[in-house]
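Now for the letters of each chain:
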Amino acid sequence: LGKIGDLSAVQPLVRSLATAPDALVRVVAESLAAIQDAVNQGVGPLTSLSRVVREHASPTLRAKVARALSSSHGAEAVPLGRLLIWLAEAESVEDFIPLLGASDEMTRLGIEGLANLSALGDQRVLAALEAGSSELRAQLLPALGGVASASSAIVECLRDAQASVRTLACHALARGNAIAAVP
């Protein structure tokens with residue numbers, strides 16, 4: 001049902017998560033990700049999967065998915081990250097911070113989740129930017145353009161060893177109208 005984009009499978013899959021052990025949470029997340037992929041390819045109806053997931057999720061599901069994600073690695077972590085984005089709410093910022101600096105795909109999911117929550121200016125995100133590797137900075141900086149509270153952390157990136165990161169920092173400062181900060 002997942003591979004053909006059958007949205008009728010979403011409700012029972014999400015409801016099964018309420019009592020599922022972490023291993024089954026991973027399998028259900030993979031099924032939901034397959035449904036989303038099929039919907040994105042035009043195989044299924046154009047209904048928002050994230051809306052359907054949120055409608056049928058239990059109040060404790062986000063914490064359960066975050067816990068399963070913390071013990072997952074590689075390809076099995078990506079569907080859990082997508083599910084976490086669909087379940088995101090204001091308190092979810094702390095769930096996305098650990099994704100920053102993980103694999104490229106997980107960092108992208110973390111940034112997407114934080115952007116959806118309008119939380120890119122959160123102090124924990126900015127601390128990750130300041131302390132992060134050049135690779136993390138290169139992924140995070142394009143999303144921070146226009147985030148006023150990020151200016152001082154972006155200025156720190158002007159000292160990065162990688163010229164491409166310094167360039168991205170200049171662009172982010174310019175998009176945020178903080179051009180006075182650029183030397």
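Below, the structure is looked at part by part. The shown structure was predicted, so the numbers you read here are calculated from the model rather than taken from an experiment.

**Description of the overall build of the protein chain**
Of regular secondary structure, the protein chain possesses 11 helices and zero strands. Starting at the N terminus and walking to the C terminus, you meet the elements of the protein chain as α-α-α-α-α-α-α-α-α-α-α. Each principal axis of the C-alpha atoms in the protein chain carries an extent, and together these give about 55 × 30 × 25 Å. Counting every position in the protein chain, which comprises 183 residues, the buried fraction comes to 45%. Residue pairs in contact within the protein chain that sit at least 24 positions apart in sequence constitute 62% of those at least 6 positions apart. With the model as given, the accessible surface of the protein chain reaches about 8900 Å², and the carbon-plus-sulfur share is 54%.

**A closer look at the pattern of salt bridges**
The tally for this structure, following the rule as stated, stands at 10 salt bridges. The shortest N-O distance in the salt bridge between Glu 89 and Arg 62 comes to 3.5 Å. Taken together, the residues Glu 89 in the loop between α5 (77-86) and α6 (93-96) and Arg 62 in helix α4 (residues 61-70) connect sequence positions 27 residues apart. You can call Glu 89 partly exposed: its relative accessible area is 35%. Residues Arg 137 and Asp 160 are paired through a salt bridge, measuring 2.8 Å at the closest nitrogen-oxygen approach. Placement of the pair is Arg 137 in helix α9 (residues 134-144) and Asp 160 in the loop between α10 (151-156) and α11 (163-175), with a sequence separation of 23 residues.

**So, the packing of α4 against α5**
With their axes 9 Å apart at the nearest point, α4 and α5 run at an angle of 155° to one another. Taken as axis vectors, α4 and α5 run roughly antiparallel relative to one another. Here α4 runs over α5; the crossing is left-handed. Of α5, the residues touching α4 (which contributes Arg 62, Val 65, Ala 66, Ala 68 and Leu 69) are Ala 77, Leu 80, Gly 81, Leu 83 and Leu 84. Residues belonging to the contact of α4 with α5 are distributed by class as follows: eight nonpolar, one polar and one charged.

**Some thoughts on the side chain of Arg 26**
The residue Arg 26 is located in helix α2 (residues 22-40) in this model. Residue Arg 26 is classed as buried on the basis of its relative accessible area, which comes to 14%. Reaching out from Arg 26, the side chain makes a polar contact with the side chain of Ser 71 at a distance of 2.8 Å. Contacts of Arg 26, omitting those with residues within four sequence positions, involve Ala 68, Ser 71, Ser 72, Glu 76 and Leu 80.

**Digging into the side chain of Gln 36**
For Gln 36, the location among the structural elements is in helix α2. The class of Gln 36 is buried, set by a relative accessible area of 13%. Excluding residues within four positions of it along the chain, Gln 36 makes contact with Leu 49, Arg 82 and Trp 86.

**Description of the layout of surface pockets**
Approximately 230 Å³ is the volume found for the largest pocket. Around the largest pocket sit 13 residues that line it, and Leu 69, Ser 70, Ser 72, Leu 99 and Met 106 are the ones nearest its centre. Top element by residues in the lining of the largest pocket is α4. It accounts for three residues. Here the lining of the largest pocket is built from residues that sort into seven nonpolar, five polar and one charged.

**Thoughts on α9**
Listing the buried residues of α9 in full gives Ser 134, Leu 136, Arg 137, Leu 140, Leu 141 and Leu 144. Relative to the axis of α9, the buried residues are bounded by an arc of 135° and lie together on one face. Contact partners of the buried residues in α9: α7 (104-116), α8 (123-131), α10 and α11. One or two positions beyond α9, positive phi appears at Gly 146, with a value near 90°.

What counts as what
Residues numbered from 1 in each chain as written. Predicted model: local features only at pLDDT ≥ 70, side-chain atom pairs only at ≥ 80, totals over all residues. Heavy atoms only, no water. Helix = DSSP H or I, 4+ residues; strand = E, 2+ residues; numbered from the N terminus. Buried < 20%, exposed > 50% of the residue type's maximum accessible area, 1.4 Å probe, protein only. Contact = heavy atoms within 4.5 Å. Areas by Shrake-Rupley, 256 points an atom, 1.4 Å probe, with all protein chains shown as cover. Salt bridge = Lys/Arg side-chain N within 4 Å of Asp/Glu carboxyl O. Axes fitted to C-alpha atoms, helices over the stretch in contact; angles between N-to-C directions. Parallel < 35°, antiparallel > 145°, perpendicular 65-115°, else oblique. Left-handed = near helix turned anticlockwise from the far one by under 90°. Nonpolar A, V, L, I, M, F, W, Y, C, P; charged D, E, K, R; others polar. Polar contact = N/O pair within 3.5 Å; in protein donor to acceptor, adjacent residues only side chain to side chain. 1 Å grid on protein atoms, 1.4 Å probe; cavity = no way out; pocket = protein on both sides within 12 Å on 5 of 7 lines; lining within 4 Å. Points joined across faces, edges and corners; volume = space filled by probe spheres on them. Arc of directions from axis to C-beta.

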